[in-house]
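Residue-level listing of the chains:
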Amino acid sequence: EPEVTQTPSHQVTQMGQEVILRCVPISNHLYFYWYRQILGQKVEFLVSFYNNEISEKSEIFDDQFSVERPDGSNFTLKIRSTKLEDSAMYFCASSEPSDRRSQPQHFGDGTRLSIL
Amino acid sequence: GEDVEQSLFLSVREGDSSVINCTYTDSSSTYLYWYKQEPGAGLQLLTYIFSNMDMKQDQRLTVLLNKKDKHLSLRIADTQTGDSAIYFCAEKERNRDDKIIFGKGTRLHILP
């Protein structure tokens, strides 16, 4: 069964450094998402992306965050200057090209980001 | 605002049925999901139900939706050790947002 893949599985970064989290969505999917889960808290929506632009973003997704689809397969989340509170599990998701609001989102295994 | 609540822990004996409950606040919720997270793994979509349905069954899984009470449940028949995981209830509005709102997850523990 096709799946969303994320790399790396664990990223350790010094505070203030830039980090890029990578995702390969399911191949025929056209809608992409990032979520995060701080330890012990709920999974929270960050951003959705379609047709090379952001569709929706949450209050968490401030100017420190950016997303990009650099080629036909990858979808990336960049955090420009990491803070301690960015430590979390980051999940990528994708959904099918038909009416996205009716299609379920399929998630990757996540990248655990640890900021030192 | 939108919120999804579920109990944090459930212990069930192997072979028994597990029932995981969830309540949500948004009356406009149209899509309701159950995701499973095994240790060290991602969020696996188990099943989902549209708000115009009351029940959905898929092998050992039964989802019941009570729209009046905004209550969703997931029943796992003949619970196995491989069902040990965290189960997340989640909801999404059809005509507004892309985002899914998740509950905190119910950790299902299987007793021998």
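Throughout what follows, the structure given in this document is the object of discussion. Positions within a chain are numbered from 1, following the residues in the order the chain's sequence is written. Lettering for chains starts from A, numbering for ligands starts from 1, and both go in the order in which the items are written. For this predicted model, a pLDDT threshold of at least 70 governs which residues receive local features, and a threshold of 80 or more governs which side-chain atom pairs are given and counted, while totals over whole chains, interfaces and linings are taken from all residues. Only heavy atoms go into the side-chain values, all of them from the structure, while hydrogens and water stay out.

Starting at the N terminus, helices and strands are each numbered in turn, a helix being any DSSP run of H or I of at least four residues and a strand any DSSP run of E of at least two. Assigned secondary structure in chain B consists of zero helices and 11 strands. Ordered by position from the N terminus, the helices and strands of chain B form the series β-β-β-β-β-β-β-β-β-β-β. Each radius of gyration is computed over the set of C-alpha atoms, and the globule rule expresses the reference value as 2.2 Å times the number of residues to the power 0.38. Taken against the 2.2 N^0.38 rule, which gives 13 Å for 112 residues, the C-alpha radius of gyration of chain B at 13 Å falls within 12% of a compact globule. Along the first, second and third principal axes, the C-alpha set of chain B runs to 45 × 30 × 20 Å. In this scheme, a residue with accessible area under 20% of its type's maximum is buried, one over 50% is exposed, and one in between is partly exposed, where area comes from a 1.4 Å probe on protein chains only. Taken across its 112 residues, chain B has 48% of its residues classed as buried. When contacts within chain B are restricted to residue pairs at least 6 apart in sequence, long-range pairs at least 24 apart make up 55% of them. Here the accessible surface of atoms and residues is derived via Shrake-Rupley with a 1.4 Å probe, and residues count as covered only by protein chains that are part of the display. With an accessible surface of roughly 5500 Å², chain B has 47% of that area assigned to carbon and sulfur atoms. In this count, Lys and Arg are taken as positive residues and Asp and Glu as negative ones, while His and the chain termini are left out. Working definition for charges: the position is that of NZ of Lys, CZ of Arg, CG of Asp or CD of Glu. Considering chain B, the positive charge centre built from 14 side chains and the negative charge centre built from 16 side chains are found 1 Å apart. In what follows, residue pairs with any heavy atoms lying within 4.5 Å of each other are defined as contacts.

This part is about the pairing of strand β5 (residues 43-50) of chain A. Residues and elements named next belong to chain A. Among the eight residues that make up β5, six are buried, leaving the element largely enclosed by the rest of the structure. Should DSSP find at least two bridges between two strands, the strands are regarded as paired. Relative to β5, strand β4 (residues 31-37) is paired through seven bridges, and the arrangement is antiparallel. By the bridge assignment for β5, Tyr 35 is matched with Phe 45. Counting the residues between successive antiparallel strands, the hairpin from β4 to β5 contains five residues, one of them, Gly 40, with a positive phi of roughly 85°. When β5 meets strand β6 (residues 53-57), the two strands line up antiparallel, connected through four bridges. Each residue of the ladder has a partner; that of Phe 49, found in β6, is Ile 54. Taking the residues between adjacent antiparallel strands as the criterion, β5 and β6 are bridged by two residues, where Asn 51 takes a positive phi near 55°.

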